[in-house]
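# Tertiary structure, described
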Amino acid sequence: MGADLQSAGQSSHMGNVHLCLSVAFAGTMARVFVYGTLKKGQPNYKHMINTAKGLAKFQGRGRTAEKYPLVIAGKYNIPYMLNIPGTGHHIAGEIYTVDDQMLQFLDEFEGCPDMYQRTLMRIEVVEWEGKGGAGEGVMECFVYSTTTYPPEWVSLPYHDSYDSSGKHGLSYVLRESRD
């Protein structure tokens, strides 16, 4: 099933028709799990509610079903979920349904596929506000994690949730404030 999950997240372009076959799609909307600066109250949440970039609807809170390392790295203190299943913590975050326009924006925003890769992961629902009875158990969502990181990041402290102004003292540097 693991290979099926990976291939299900693959996209292909045929002319100007975008095809994406995935169980992470709920109707015409995709489910996305965010764990970093795109969560409510975090520095980049403004993008999730900017309808010019597409539609995103908060559905609830969840955590990764498997453990992953969540590190804060680089000179801009960016949160990264390293795609090393079974290592680290169950990562807390938020579940959204997004339209194709927002999904394309998120791919660009996250530097996909170079900096982050969008893959399917199993997410345990902690609290659900969405409709449709999917509010319990485990669901598959797209998650932006990375396999392209410097080896020393594996030695950084692992977090189970992210807050830009958390006790780690590593405040995120907004893109517009970077040199």
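Above: the structure in question.
Let us look at the structure shown here. (Residues numbered from 1 in each chain as written. Predicted model: local features only at pLDDT ≥ 70, side-chain atom pairs only at ≥ 80, totals over all residues. Heavy atoms only, no water.)

## Observations concerning the pattern of salt bridges
Any two side chains of opposite charge can pair if their charged atoms end up close together. Short version of the rule: In the sections that follow, a salt bridge refers to a side-chain nitrogen of Lys or Arg positioned within 4 Å of a carboxyl oxygen of Asp or Glu. Helix and strand definitions follow DSSP, with helices as H or I runs of at least four residues and strands as E runs of at least two, each counted in order from the N terminus. Each residue is placed in one exposure class: buried if its accessible area under a 1.4 Å probe, protein chains only, is under 20% of its type's maximum, exposed if it is over 50%, and partly exposed if it falls in between.
The tally for this structure, following the rule as stated, stands at five salt bridges. Here K46 and E176 are joined by a salt bridge, their closest N and O atoms 3.2 Å apart. Here E176 lies in the segment after β10 (138–145) and K46 lies in helix α2 (residues 45–48), a separation of 130 residues in the sequence. Residue class for K46 comes out partly exposed when judged on its relative accessible area of 38%. A salt bridge links R61 to E127, with the shortest nitrogen-to-oxygen separation between them at 3.1 Å. With R61 in strand β5 (residues 56–64) and E127 in strand β9 (residues 117–128), the pair connects residues that are 66 residues apart, well separated along the chain.

## Notes on the pairing of β10
Spelled out, the test is: What makes two strands pair is DSSP finding at least two bridges between them.
Summarising burial for β10: seven of the eight residues are buried, a large majority. Sheet analysis places strand β4 (residues 29–34) next to β10, joined by two bridges and oriented parallel. Counted as the bridge partner of V32 is F142 from β10. Two strands pair when backbone bridges link them, and β9 and β10 are joined in this way by eight bridges, in the antiparallel orientation. If you follow M121 over to β10, its bridge partner there is C141.

## Examining the packing of aromatic side chains
The relative placement of two aromatic rings is captured by the distance of their centres and the angle of their planes. Heads up, the rule is: Only Phe, Tyr and Trp rings take part, Trp by its six-membered ring, and two of them pair if their centres are within 6.5 Å. Stacked means planes under 30 degrees apart, edge-to-face means over 60, and tilted covers everything else. In this scheme, Lys NZ or Arg CZ marks a charge over a ring once it lies within 6 Å of the ring centre and within 35 degrees of the ring normal.
The full count for this structure, using the stated rule, is four aromatic pairs. Between Y80 and Y116, the aromatic rings sit 5.2 Å apart at their centres with planes inclined by 20°, giving stacked as the arrangement. Highlighted residues: Y80 in strand β7 (residues 78–81) and Y116 in the loop between α3 (100–109) and β9, separated in sequence by 36 residues. Overall, Y116 belongs to the buried group, its relative accessible area being 3%. Counting every residue linked through ring pairs, the aromatic cluster contains Y80, Y116 and W153. The aromatic ring of F142 is capped on one face by R118, whose charged end is 4.6 Å from the ring centroid.

## Overview of unusual backbone geometry
Backbone torsion omega between C112 and P113 reads 15°, so that peptide bond is classified as cis. Along the chain, P113 turns up in the loop between α3 and β9. Even without glycine at this site, N77 takes up a positive phi of about 55°. Tracing the chain through its elements places N77 in the loop between β6 (70–73) and β7. Owing to a relative accessible area of 16%, N77 belongs among the buried residues under this scheme.

## Things to note about the side chain of T37
This is how it is decided: The contact rule is simple, with two residues in contact once any of their heavy atoms fall within 4.5 Å.
Along the chain, T37 turns up in the loop between β4 and α2. Beyond its immediate sequence surroundings of up to four residues, T37 is in contact with Q42, P43, N44, Y45, P79, Y162 and Y172.

## Quick look at the side chain of T97
Cut-off, in case you're wondering: Think of a polar contact as two N or O atoms within 3.5 Å of one another; within protein, one of them needs to be a possible hydrogen donor and the other a possible acceptor, and neighboring residues in sequence only count if both atoms come from side chains.
With respect to the helices, strands and loops of the structure, T97 is situated in strand β8 (residues 92–98). Judged by its relative accessible area of 10%, T97 is buried. There is a polar contact of 3.3 Å between the side chain of T97 and the side chain of Q59. Beyond its immediate chain neighbours, meaning those up to four positions away, T97 contacts M29, A30, R31, L55, A56, K57 and Q59.

## Some details on the environment of L156
Assignment of secondary structure puts L156 in the segment after β10. Among the residues examined, L156 registers a relative accessible area of 28% and is labelled partly exposed. Sequence separation between L156 and L70 is 86 residues; the distance between their C-alpha atoms is 9.0 Å. Beyond its immediate sequence surroundings of up to four residues, L156 is in contact with V71, I72 and A73.

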